[in-house]
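Per-entry structural report
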Amino acid sequence: MRVCLIGAGLSGLAAAHALKSEGVDFVCLDRAVDVGGLWRQPQAGERGPGYLSLHLNTNKTLTGFADYPMPASYPVYPRHSQFASYLRSFAEWAGVLGHIELETTVESVRQEADGVWTVVSRDAAGVRRARVFDQVIVASGHNTEPVLPAPAPGSDTFEGRILHALDYHDGSDFAGQRVVVVGLGASAVDIAADLSRHAEQTVLSVRRGLHILPKQLFGMPLDNVAEASWWTAMSLEEQRRFIEQALLVARGRLGDYGLPEPDHPVFASAVTISDEILSRIRHGGVLPKPAIERLDGDRVVFTDGSSVRADAVVHCTGYRMAFPFLPAGCPFGPQGSVELFKRVVAPDLPGLHFLGLVRPHGSITRLVEAQARWVARIIAGKAVLPAPEIMRKEISAYLSGIAGQYGQAQSASIQVGVAPYLEELRAE
């Protein structure tokens, strides 16, 4: 078996380690200049989400690989440069660097009539190469294409800059400026808190309320709580009541900070993890505002009629999943949902697997390691997949079940519970 592995970030390195452990021959392709994925600091002229203040929101014990823990000298929540360095050292320890071709962009992946896969790639010199593989593993992540909202009225005449979080580097770049940050997700609260220490004024524009959780509760990192037996023994409703009461005690209502209250219960969508944003609001460093209604010259006007002068608007409005090198539509179904058996296997494209295409409330590493071990065993002939129709039934049942908790959005289709999903993979 010869395998093409796409991506050399956290998921790709987990796959490389698992494949090497099973004695499987593979080549890993990554367009970056080094391993580490989104945790690398972007170099000159390179776009990337690794802004200088970025830290892990999950603790080092569960975010590090099981066989290769992070250094004891690292803090509980390492900064992105430390994590990128750790991923590089893991690749060296695992002995997989010789399998990785960097600065190599995958342009197309197609399955031939005989079932093999042709992968066309382009190297740093622009040389294209077509190679044939028995199996393909996609581990390129789901934070790929930045999402920008429809331009607000007046955007074409706005006198300031409009950018996405992908192009944000450091708060000091905005020293003395007035900046509006749009969003309430992880990057929005991180960037707003960072800007508040440099900018003349930082405004956080929020359209819809989200649940904001601290990194720790009762002195325990949240991802430790997510895996604790006392927590997993609770029903979803019990978990919700427990967290909502704990949050009420710890920080009160979000409306008290000028933020909109969530219109959904906790764990009905992604949550935002932050120890800083509520404190920065209370200290006057960040001013909450509702959604943007329009831009007017050098001003941003909000839906409540208020306005502020702004030199820049930073949209922290997330990313869409995109795999332009794969067959059209793959791995998405007609409604846009990700349709993969056990969130990994494409049932109608034998030999195509995905790693890391999940979103847990907690660290993703243990899940990715379990996925990687399972895929490596499938490729090595030690595990067998069910028939395609059985896999499609599992996908349908999963999507129906998840819709009841998270809704029908594309992002909902990759939500998983840490403990139950691990049990599924272990059973496989």
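Residues numbered from 1 in each chain as written. Predicted model: local features only at pLDDT ≥ 70, side-chain atom pairs only at ≥ 80, totals over all residues. Heavy atoms only, no water.

**Brief notes about the packing of helix 1 (residues 10-21) against helix 3 (residues 80-94)**
Our working definition: Helix axes are fitted to C-alpha atoms over the stretch in contact, other axes to C-alpha atoms as well, and angles between N-to-C directions run from 0 to 180 degrees. The helix count covers DSSP runs of H or I at least four residues long, the strand count covers runs of E at least two residues long, and both are numbered beginning at the N terminus. Angles below 35 degrees are treated as roughly parallel, those above 145 as roughly antiparallel, those between 65 and 115 as roughly perpendicular, and all remaining angles as oblique. Whether a crossing is left-handed or right-handed is set by the direction in which the near helix is turned from the far one by less than a right angle, anticlockwise for left-handed and clockwise for right-handed. Note on contacts: a residue pair is in contact if any heavy atoms of the two residues lie within 4.5 Å. We call Asp, Glu, Lys and Arg charged. Ala, Val, Leu, Ile, Met, Phe, Trp, Tyr, Cys and Pro are nonpolar, and the rest, Gly among them, are polar.
Contact geometry of helix 1 with helix 3 gives a least axis separation of 10 Å together with a crossing angle of 15°. As judged from the angle between their axes, helix 1 and helix 3 are roughly parallel. Crossing handedness for the pair helix 1 and helix 3: left-handed. Contact residues: Leu10, Leu13, His17 and Lys20 in helix 1; Phe83, Leu87, Phe90, Ala91, Trp93 and Ala94 in helix 3. When grouped by side-chain class, the residues that make up the contact of helix 1 with helix 3 number 8 nonpolar, 1 polar and 1 charged.

**Here we look at helix 3**
Threshold: Any helix carries an expected span of 1.5 Å times its number of residues minus one. Burial here depends on accessible area, computed with a 1.4 Å probe over protein chains only, as a share of the maximum for the residue type. Under 20% is buried, over 50% is exposed, and the range in between is partly exposed. An arc is given here, and it is the one of the directions from the helix axis to the C-beta atoms.
Between its terminal C-alpha atoms helix 3 stretches 21 Å, which fits the 21 Å expected from 15 residues at 1.5 Å a residue. Within the span of helix 3, buried status applies to His80, Phe83, Ala84, Tyr86, Leu87, Phe90, Ala91 and Ala94. In a view along the axis of helix 3, the buried residues occupy a sector of 160°, so they form one face of it. The inward-facing, buried residues of helix 3 abut helix 1 and helix 2 (60-63). Looking one or two residues past helix 3, Gly95 carries a phi angle of roughly 70°, positive in sign.

**Observations regarding the nonpolar core**
Applied cut-off: Nonpolar cores were defined as sets of buried Ala, Val, Leu, Ile, Met, Phe, Trp, Tyr and Cys residues, with membership established by side-chain atoms within 4.5 Å.
Counting 86 residues, the largest nonpolar core has Leu13, Val181, Leu204, Leu259 and Ile277 as its most contacted members. In terms of residue count, the dominant contributor to this core is helix 9 (residues 365-379) (9 residues). Dropping the residues within four chain positions of it, Leu13 is found in contact with Ala8, Val35, Phe65, Leu87, Phe90, Ala91, Val96 and Ile100. In this structure, Ile6, Val109, Val338 and Phe354 belong to the second largest nonpolar core, which totals 23 residues.

**Focus on the sheet that holds strand 17 (residues 292-296)**
Neighbouring strands of a sheet are bound in pairs by backbone hydrogen bonds; such pairs are parallel or else antiparallel. Where we set the bar: Two strands pair if DSSP finds at least two bridges between them.
With antiparallel pairing, the 3 strands of this open sheet are ordered in space as 17-18-19. The strands lining the two open edges of the sheet, one partner per strand, are strand 17 and strand 19 (307-309). Direction aside, the axes of adjacent strands within the sheet are offset by 20° on average. In this sheet, strand 19 lies alongside strand 18 (residues 299-302) in antiparallel orientation, the contact comprising 3 bridges. For Val300, the partnering residue across the bridge sits in strand 19 and is Val308.

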